[in-house]
Amino acid sequence: MMSHERLRLGIVLFLVCVGGAFSLGVAASSREGAVAPARDPLYVAECGSCHFAYPPGLLPARSWEQMMNGLERHFGENAEVSGATGKALQSYLAANAADRAGEGKARKFLASVRPGELPERITTTRYFVNKHREIPRHFWEKNPALGSLSRCEGCHVRADQGSFDEHEVRIPGVGRWED
Ligand code: HEC
Ligand code: HEC
């Protein structure tokens, strides 16, 4: 027969398990619409000086590798870094790329890239193009605060925290995005 002590221990363990499963579920769902933001100080300093420090989870590792090997011709700019810095950035990107860290939005970006493809930009991935195709071009192209869709943080007000939720979009000079 089960003693009172054993029974009590059983109940406590049961509650701990249920509580644990519940909080895991909550954490997973709040991550669903997000991607881990770029937090590495070296990365933010080097790769966030000309533009938003793009979260590594938005491109597969092979895209980052190719980009890092051609920084002297980076979208018309020279973004070259010294050897040691380059190595450190490469390993940070490789470890946190979409195919490594793939959770939430990172998984969606990755799923839209076919195995043989090597996207050079986040903004050319299928998932990105699909999500942004309804936005009238003049909202961003001639917008002095934007100029291109590469300015994620210009519209996604919590992009620096890795949140790209469509309900948190404010287009400069236009306002909230209503679907
Ligand atoms: C000297 C300025 C400069 C530096 C430094 C720089 N970039 Fe860029 N980057 C650019 C320009 C310019 C573009 C093109 C932006 C556009 O088309 O609007 C770009 C575009 C990008 C894009 C594509 C954005 C898209 O459209 O999807 C990625 C990804 C990117 N950079 C990553 C990096 C990484 C990683 C580093 C650090 C190793 C870095 N950049 C450092 C200037 C820079
Ligand atoms: C001109 C403003 C604008 C810019 C710049 C922009 N976005 Fe968006 N983004 C939107 C809007 C509006 C939506 C919602 C579209 C819809 O579904 O109706 C959206 C949707 C998204 C979604 C899907 C969100 C969801 O809840 O499903 C992701 C992910 C995203 N954007 C990432 C990015 C990234 C990464 C960048 C930069 C490379 C970027 N966006 C640049 C306006 C912008």
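Definitions and cut-offs
Residues numbered from 1 in each chain as written. Chains lettered and ligands numbered in written order. Predicted model: local features only at pLDDT ≥ 70, side-chain atom pairs only at ≥ 80, totals over all residues. Helix = DSSP H or I, 4+ residues; strand = E, 2+ residues; numbered from the N terminus. Contact = placed C-beta atoms within 7 Å. Expected span 1.5 Å × (residues − 1). Buried ≥ 20, exposed ≤ 12 C-beta atoms within 10 Å, placed from the backbone. Arc of directions from axis to C-beta. Near = placed C-beta within 6 Å. Nonpolar A, V, L, I, M, F, W, Y, C, P; charged D, E, K, R; others polar. Core = buried A, V, L, I, M, F, W, Y, C linked by C-beta atoms within 7 Å.

(A) Representation of the overall build of the chain within the structure. Regarding its fold elements, the chain presents eight helices and two strands. In the chain, 57% of the contacts between residues at least 6 apart in sequence involve partners at least 24 apart.

(B) Broad picture of helix α4 (residues 83-96). The end-to-end C-alpha distance of α4 is 20 Å, a good match for the 20 Å that 14 residues give at a rise of 1.5 Å each. For α4, every residue scored as buried is listed here: L89, L93 and N96. The buried side chains of α4 occupy one side of the element, clustering within an arc of 80 degrees when seen end-on. In α4, those exposed residues whose orientation departs by more than 90 degrees from the buried face are G83, A84, K87, S91 and A95.

(C) Local environment of the site of ligand 2. Among the 26 residues in the neighbourhood of ligand 2, the closest are listed as C152, C155, F164, E166 and W177. Looking at the shell around ligand 2, the elements with two or more residues in it are α7 (126-132) and α8 (152-155). Tallying contributions element by element places α8 first for the shell around ligand 2, with three residues. Among the residues making up the shell around ligand 2, the classes are represented as 13 nonpolar, six polar and seven charged.

(D) Structural context of the environment of V169. Looking at the secondary structure, you find V169 in the loop between α8 and β1 (170-171). Between the C-alpha atom of V169 and that of V157, which follows or precedes it by twelve residues, the distance is 6.2 Å. With near-sequence residues (within four places) excluded, V169 lies in contact with C155, H156, R176 and W177.

(E) Examining the nonpolar core more closely. Core analysis: the biggest nonpolar cluster contains 18 residues, and L58, L59, A97, A98, A106, F109 and L110 have the highest contact counts within it. When residues of this core are traced back to their parent elements, those giving at least two are α2 (41-47), α4 and α6 (105-111). Counting residues per element, this core draws most heavily on α6, at three residues. If we skip the residues at most four places from it in the chain, L59 touches W64, A97, A98, P119 and I122.

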